[in-house]
Amino acid sequence: MFTIKKNNNVDIVVTGSGVIGFAAEECKRYLEAMTGCACTVRQDGCKSAGGPCRTIRIGAGAEFLAAQGMPETKWDGFAVRAAENELTIAASAPRGALYGVYSVLREAGCRFIKAANVGEYVPKGDFAVENDYVKNPSFRVRGLTLAVTEYNEDWCAEAVAFVDWCAKNYINTVFLHESLDFKLDSYNAQIIAEIKKRGMSLEFGGHGAQDFVPKDLFEKQPERFIQKNGKRTKEGNFCVSDER
């Protein structure tokens, strides 16, 4: 059993960067909010601040799993080992390590019910993980669709909050319901950056078949467009019987 109390110092040791580094910062943020402990994040191999402390190790990949003597995980699954003074969170993929952090927070009583902070519950008191465990997903892709109604700051903030909520609930794909004239504006760039930070996948698209064939071809190539009441029209989808 691994525990953290208010007066403990916690050394969060990471093997890797990017998503692993973000996982460590999330671990630090929630642990300090829960327990009031002092957490330090450092790369494996860097000198510790010294003194007695609890250690949390976070890493991903076959080499890290082998070094820790932990089993390989499926897709973005994760493994947790809880010893007296050391907690290890390991995964085959970096995203799995992030999910492992959110999992141990759940074990300690955190809840991520709705998007944004208003939908989170973070208990105050000791942090504890009692047992070792491995969690592997049943489905490789687990996604959420975000419909784009109007680009503005409010929509962007809501979308970013949903991306954060997705990661905390092991959803690994965000689908932006977009048209084919999708443009990478400042709002989309911010959302994509949040998705990448968590190692998640991005998909976009929507009901775009009507845009597959340019409308300006209608006058010269009407046979490429559908018929309605016996007449060709450029309003609607392309004609599926056209070999092109």
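Conventions adopted
- Residues numbered from 1 in each chain as written.
- Predicted model: local features only at pLDDT ≥ 70, side-chain atom pairs only at ≥ 80, totals over all residues.
- Heavy atoms only, no water.
- Helix = DSSP H or I, 4+ residues; strand = E, 2+ residues; numbered from the N terminus.
- Buried < 20%, exposed > 50% of the residue type's maximum accessible area, 1.4 Å probe, protein only.
- Contact = heavy atoms within 4.5 Å.
- Polar contact = N/O pair within 3.5 Å; in protein donor to acceptor, adjacent residues only side chain to side chain.
- Pairing = 2+ DSSP bridges.
- Axes fitted to C-alpha atoms, helices over the stretch in contact; angles between N-to-C directions.
- Phe/Tyr/Trp six-rings, centres within 6.5 Å; stacked < 30°, edge-to-face > 60°.

A. Quick peek at the environment of threonine 233. If you trace the backbone, threonine 233 turns up in the segment after strand S15 (231-232). Since its relative accessible area comes to 18%, threonine 233 is described here as buried. Taking the C-alpha atoms as reference, threonine 233 lies 7.9 Å from phenylalanine 218; in sequence the two are 15 residues apart. Contact partners of threonine 233, with chain neighbours within four places excluded, come to Phe218, Phe225, Ile226 and Lys228. For threonine 233, the side chain forms a polar contact with the main-chain nitrogen of glutamate 235, separated by 3.1 Å.

B. Just the sheet that holds strand S12 (residues 173-177), in detail. An order of S11-S12-S13 is seen for the three strands of this open sheet, with the pairing classed as parallel. The open sheet has two edge strands, strand S11 (143-147) and strand S13 (201-205), and neither has a second partner. Adjacent strand axes in the sheet meet at a mean angle of 20 degrees when their direction is disregarded. Here S12 pairs with S13 via five bridges, running parallel.

C. Expanded view of the sheet that holds strand S6 (residues 86-91). The six strands are arranged S3-S2-S4-S6-S5-S10 in an open sheet whose pairing can be described as mixed. Two strands close off the open sheet at either side, each with one partner strand: strand S3 (38-43) and strand S10 (133-135). The mean inter-strand angle of the sheet, taken between neighbouring strand axes irrespective of direction, is 15 degrees. Where strand S4 (residues 54-60) meets S6, six bridges bridge the pair, whose relative direction is parallel. In the sheet register, threonine 55 faces S6, and the bridge partner there is glutamate 86. Strands in contact with helix H1 (residues 19-35) are strand S2 (9-15), S3 and S4; relative to S4, the strand with the most contacts, it is inclined by about 150 degrees.

D. Structural context of the packing of aromatic side chains. Under the criterion given, the structure shown has eight aromatic pairs. With a centroid separation of 6.4 Å and an interplanar angle of 80 degrees, the aromatic rings of phenylalanine 2 and phenylalanine 127 are classed as edge-to-face. A residue pair is termed long-range when its members are at least 10 positions apart, and phenylalanine 2 in strand S1 (residues 2-4) and phenylalanine 127 in strand S9 (residues 127-129) qualify at 125 residues. Looking at phenylalanine 127, the relative accessible area reads 1%, which means it is buried. In textbook terms, an aromatic cluster arises when at least three aromatic residues are bridged by ring pairs, as seen for Phe78, Tyr99, Tyr133 and Tyr170.

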